[in-house]
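Residue strings, one per chain:
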Amino acid sequence: AHEKERERERERRKRRGRRKNINMAAPARQTAIGAYRLLLRTVATTFKGDDLTLLAAKKEIRQKFEDNRDNSGTELVSEAYDAAEFIKTHVVQAEMNEEGNYSMKIEQQHAEDEPPEGWVPPPPQKCS
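Keep in mind that this is a model prediction, so the values were computed, not measured.

1. Observations concerning the overall build of the protein
Part 1 of the argument: On a plain count of helices and strands, the protein comes out with four helices and two strands.
Part 2 of the argument: Shown N-terminal to C-terminal, the secondary structure of the protein runs as helices and strands in the order α-α-α-α-β-β.
Part 3 of the argument: Within the protein, counting contacts between residues at least 6 apart in sequence, those at least 24 apart form 45% of the total.
Part 4 of the argument: Accessible surface for the protein amounts to roughly 11100 Å². Of this, 51% is attributable to carbon and sulfur atoms.

2. Focus on the pattern of salt bridges
Part 1 of the argument: For the structure on display, the rule yields one salt bridge.
Part 2 of the argument: Across the salt bridge formed by R62 and E66, the nearest N and O atoms sit 3.8 Å from each other. Taken as a pair, R62 and E66 lie in helix α3 (residues 51-67) at a separation of four residues, close to a single helical turn.
Part 3 of the argument: A residue is classified by how much of its surface remains accessible, and E66, at 32% relative accessible area, is partly exposed.

3. A short note on the nonpolar core
Part 1 of the argument: Of all hydrophobic cores here, the largest spans 14 residues; its most connected members are A35, L39, V43, F47, I61, F65 and A80.
Part 2 of the argument: Looking at this core, the elements that each hand over two or more residues are α2 (27-46), α3 and α4 (75-90).
Part 3 of the argument: With residues near it in sequence (within four places) discarded, I61 still touches Y36, L39, L40 and V43.

4. Observations regarding the confidence of the model for the protein
Part 1 of the argument: The predicted model of the protein averages 78 in pLDDT, with 77% of residues at 70 or higher.
Part 2 of the argument: The model gives residues 18-26 a pLDDT under 50, and that stretch makes one contact with residues more than four places away or in other chains.

5. Considering the layout of surface pockets
Part 1 of the argument: There is about 370 Å³ of room inside the second largest pocket.
Part 2 of the argument: Around the second largest pocket sit 20 residues that line it, and T45, T46, Q93, K105 and E107 are the ones nearest its centre.
Part 3 of the argument: Every element with two or more residues in the lining of the second largest pocket is listed here: α2, α4, β1 (94-96) and β2 (102-104).
Part 4 of the argument: Sorting elements by how many residues they give to the lining of the second largest pocket places α2 first, with three residues.
Part 5 of the argument: Split into classes, the residues belonging to the lining of the second largest pocket amount to six nonpolar, eight polar and six charged.

Cut-offs and rules
- Residues numbered from 1 in each chain as written.
- Predicted model: local features only at pLDDT ≥ 70, side-chain atom pairs only at ≥ 80, totals over all residues.
- Heavy atoms only, no water.
- Helix = DSSP H or I, 4+ residues; strand = E, 2+ residues; numbered from the N terminus.
- Contact = heavy atoms within 4.5 Å.
- Areas by Shrake-Rupley, 256 points an atom, 1.4 Å probe, with all protein chains shown as cover.
- Salt bridge = Lys/Arg side-chain N within 4 Å of Asp/Glu carboxyl O.
- Buried < 20%, exposed > 50% of the residue type's maximum accessible area, 1.4 Å probe, protein only.
- Core = buried A, V, L, I, M, F, W, Y, C linked by side-chain atoms within 4.5 Å.
- pLDDT = per-residue confidence, 0-100.
- 1 Å grid on protein atoms, 1.4 Å probe; cavity = no way out; pocket = protein on both sides within 12 Å on 5 of 7 lines; lining within 4 Å.
- Points joined across faces, edges and corners; volume = space filled by probe spheres on them.
- Nonpolar A, V, L, I, M, F, W, Y, C, P; charged D, E, K, R; others polar.

This is the structure we're talking about:
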């Protein structure tokens, strides 16, 4: 009985060791998963309430990552982080209000501290 207990303990240690090796051997994959999740969170926030656009964005993200599944380089990961930052700071959803005009909810991340040199704000326009 004592020998069987020792054998079970050795097997448990082997399995734990394998798990550690698997997790430590895949840092690029973990980074890709992190980038994938960041993109999904970003589009979920940006396109909140627009189910059609949100679905299309998720489908595009998944397809891009599936197409590059075997690519272990950091190029896709870098592109994903850049895309998430771009979407977060440059994409704004516009909604039609009761008056027939489009309104946008601009948030702090969409504003720059200082506009570019020579920038002149455009006059307000009514969208039709």
